[in-house]
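Letter by letter, the chains look like this.
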Amino acid sequence: MFDGEWQENKMHGSGKFTWIDGREYEGEYFNDKKDGFGIFTWPDGRKYEGYWKEGKQHGKGKYTTSSGELKYGEWRAGKRTRWVSKEKYEALGQNEE
């Protein structure tokens, strides 16, 4: 279920999408895809808080494990490329290439 902004029958702008299994994404959409900053949560407590591009995690983000451990990293096209220290994370731009 989507609650948010629409443009030409597509999710576009800010919104929140909730899946029936309890997963949730709240953040920015562009042309029906997650794009910009957003937070994705899973029912088991995992959470990704960071940047998205064309529906996939892209750029810097924070990942919380189901046990509550917080990790900092970089993603490209939906795949984590590396974990970084908190200091490195804070020094990164939004979407360094």
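Residues numbered from 1 in each chain as written. Predicted model: local features only at pLDDT ≥ 70, side-chain atom pairs only at ≥ 80, totals over all residues. Heavy atoms only, no water.

Enquirer: Sorry if this is basic, but what is going on with the overall build of the protein chain here?
Expert: Of regular secondary structure, the protein chain possesses one helix and eight strands. The order of α-helices and β-strands along the protein chain, N terminus first, is β-β-β-β-β-β-β-β-α. The C-alpha radius of gyration computed for the protein chain amounts to 14 Å, which stays within 12% of the reference 13 Å derived for 97 residues, consistent with globular compactness. Overall size of the protein chain, expressed as C-alpha extent along the three principal axes, is 40 × 30 × 20 Å. In the protein chain, buried positions account for 31% of the 97 residues. (Helix = DSSP H or I, 4+ residues; strand = E, 2+ residues; numbered from the N terminus. Rg over C-alpha atoms; globule rule 2.2 N^0.38 Å. Buried < 20%, exposed > 50% of the residue type's maximum accessible area, 1.4 Å probe, protein only.)

Enquirer: Just to check I follow, could you spell out the sheet that holds strand 6 (residues 56–64) for this structure?
Expert: Two pairing modes exist for strands in a sheet, parallel and antiparallel, and in both the strands are linked by backbone hydrogen bonds. Read from one edge to the other, the open sheet built from eight strands follows the order 1-2-3-4-5-6-7-8, with strand pairing classed as antiparallel. Here the strands that pair on one side only, and so sit at the sheet edges, are strand 1 (2–7) and strand 8 (79–84). Going across the sheet, the axis of each strand differs from the next one's by a mean of 15 degrees, ignoring polarity. Examined bridge by bridge, strand 5 (residues 47–53) and strand 6 share six bridges and lie antiparallel to one another. Across the sheet, residue K47 finds its bridge partner in strand 6, namely T64. (Pairing = 2+ DSSP bridges. Axes fitted to C-alpha atoms, helices over the stretch in contact; angles between N-to-C directions.)

Enquirer: Please clarify how the environment of M11 should be interpreted in this entry.
Expert: Among the secondary structure elements, M11 is positioned in strand 2 (residues 10–18). M11 sits 33 residues away from D44 along the chain, and the two C-alpha atoms are 26 Å apart. Setting aside its immediate chain neighbours within four residues, M11 contacts F2, E5, W6, F17, Y29, F30, N31 and D32. (Contact = heavy atoms within 4.5 Å.)

Enquirer: What's the story with the environment of G93 in this structure? I'm lost.
Expert: Inspection of the secondary structure assignment puts G93 in the segment after helix 1 (86–91). Taking the C-alpha atoms as reference points, G93 and G59, 34 residues apart in sequence, are found 8.3 Å from one another.

Enquirer: Would you take a moment to explain the packing of aromatic side chains for this structure?
Expert: On inspection of all chains with the given rule, the structure shows 15 aromatic pairs. For the pair Y48 and W75, a centre-to-centre distance of 4.8 Å together with 75 degrees between the ring planes defines the contact as edge-to-face. Linking Y48 in strand 5 with W75 in strand 7 (residues 70–76), this pair joins segments that are 27 residues apart in sequence. Note on Y48: relative accessible area 0%, which makes it buried. Lying over the aromatic face of Y25, K34 brings its terminal NZ or CZ to 5.6 Å of the ring centre. Taking NZ or CZ as reference, K60 lies 4.6 Å from the ring centre of Y89, over its face. (Phe/Tyr/Trp six-rings, centres within 6.5 Å; stacked < 30°, edge-to-face > 60°. Lys NZ or Arg CZ within 6 Å of the ring centre and 35° of its normal.)

From the geometry alone we can't say anything about function, so treat these as descriptive.
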